[in-house]
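# Structural characterization, general
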Amino acid sequence: CEVGIFSAVALFMTRYGTDIIAAHAAAINFSSLVYMIPLSISITATIVIGFEIGAKRYRDARHYTFLALALSLFFAVIIGLNVFVFTDKVAALYSDSRPLQLLIISFLHYAIFFILVDAFGAPAQGVLRAYKDVRFATWTAILAYWGISIPLGMLLAEQGMGPYGFWLGLIIGLAVGALALWQRIGKKTTTIMKEER
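Predicted, not measured: the structure shown is a model, and the values here were computed from it.

On to helix α2 (residues 18-54), then. End to end, α2 covers 51 Å across 37 residues, agreeing with the expected 54 Å (1.5 Å per residue, within 8%). Directly beyond the C-terminal end of α2, a positive phi value near 60° is found at Lys56.

Shown next as structure tokens:
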């Protein structure tokens, strides 16, 4: 779902010209690079929490759940602050052209929020995998990305935001999906803790 939506948004960007496509691609590339941190935490959470659940140590599983979220958000805030402070330097990694750098910078400002939302959502996917609850995460991804992000992005783009409307749509869709996943985790952990008692 996620890879497909980024491909779709890249296609929608073609109407805005090559400079916008290049700036969008640079910002997405940087976001994808940074995403490796919450993704790694997510994979680790699946393994560690799954191990604790298998051993019926539900309290420990719950501690690791919140540790995964805290670690992911900690790194996202540090990276987000650095991107905000050193936006020019990040843009310079992708192009020597100052006009193109300015476009990349404008997309990177949206990427900061993207990084924070990803840091909130990625660990949740790993935690739900540990609880063997993947159907909910799949349907949430389909609805959030394809039911919210794309339609909202198209609407915002048509309402005057242009290419940035798609980024805002992505951010909002990802945020809604992440909130739904954490709500599901809250219900799962509460149910299991009650059973443990």
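Moving on, we come to a nonpolar patch on the surface. Residues Ile37, Tyr64, Leu67, Leu71, Phe74, Phe75 and Ile78 make up a contiguous nonpolar surface patch of roughly 590 Å² in combined accessible area. In terms of residues, the nonpolar patch owes the most to one element, helix α3 (residues 58-85), which gives six residues. Positionally, Phe75 belongs in helix α3.

Moving on: the packing of α2 against helix α5 (residues 98-130). In a packed pair of helices, the relevant descriptors are the angle between the two axes and the axis-to-axis distance. With their axes 7 Å apart at the nearest point, α2 and α5 run at an angle of 15° to one another. Judged by the angle between their axes, α2 and α5 are roughly parallel. When the axes of α2 and α5 are compared, the crossing they make is right-handed. Per-class residue counts for the contact of α2 with α5 are 26 nonpolar, seven polar and three charged.

Parameters and conventions
Residues numbered from 1 in each chain as written. Predicted model: local features only at pLDDT ≥ 70, side-chain atom pairs only at ≥ 80, totals over all residues. Heavy atoms only, no water. Helix = DSSP H or I, 4+ residues; strand = E, 2+ residues; numbered from the N terminus. Expected span 1.5 Å × (residues − 1). Patch = residues over 30% accessible without salt bridge, like charges linked within 9 Å, V, L, I, M, F, W, Y side chains within 5 Å. Areas by Shrake-Rupley, 256 points an atom, 1.4 Å probe, with all protein chains shown as cover. Salt bridge = Lys/Arg side-chain N within 4 Å of Asp/Glu carboxyl O. Axes fitted to C-alpha atoms, helices over the stretch in contact; angles between N-to-C directions. Parallel < 35°, antiparallel > 145°, perpendicular 65-115°, else oblique. Left-handed = near helix turned anticlockwise from the far one by under 90°. Nonpolar A, V, L, I, M, F, W, Y, C, P; charged D, E, K, R; others polar.

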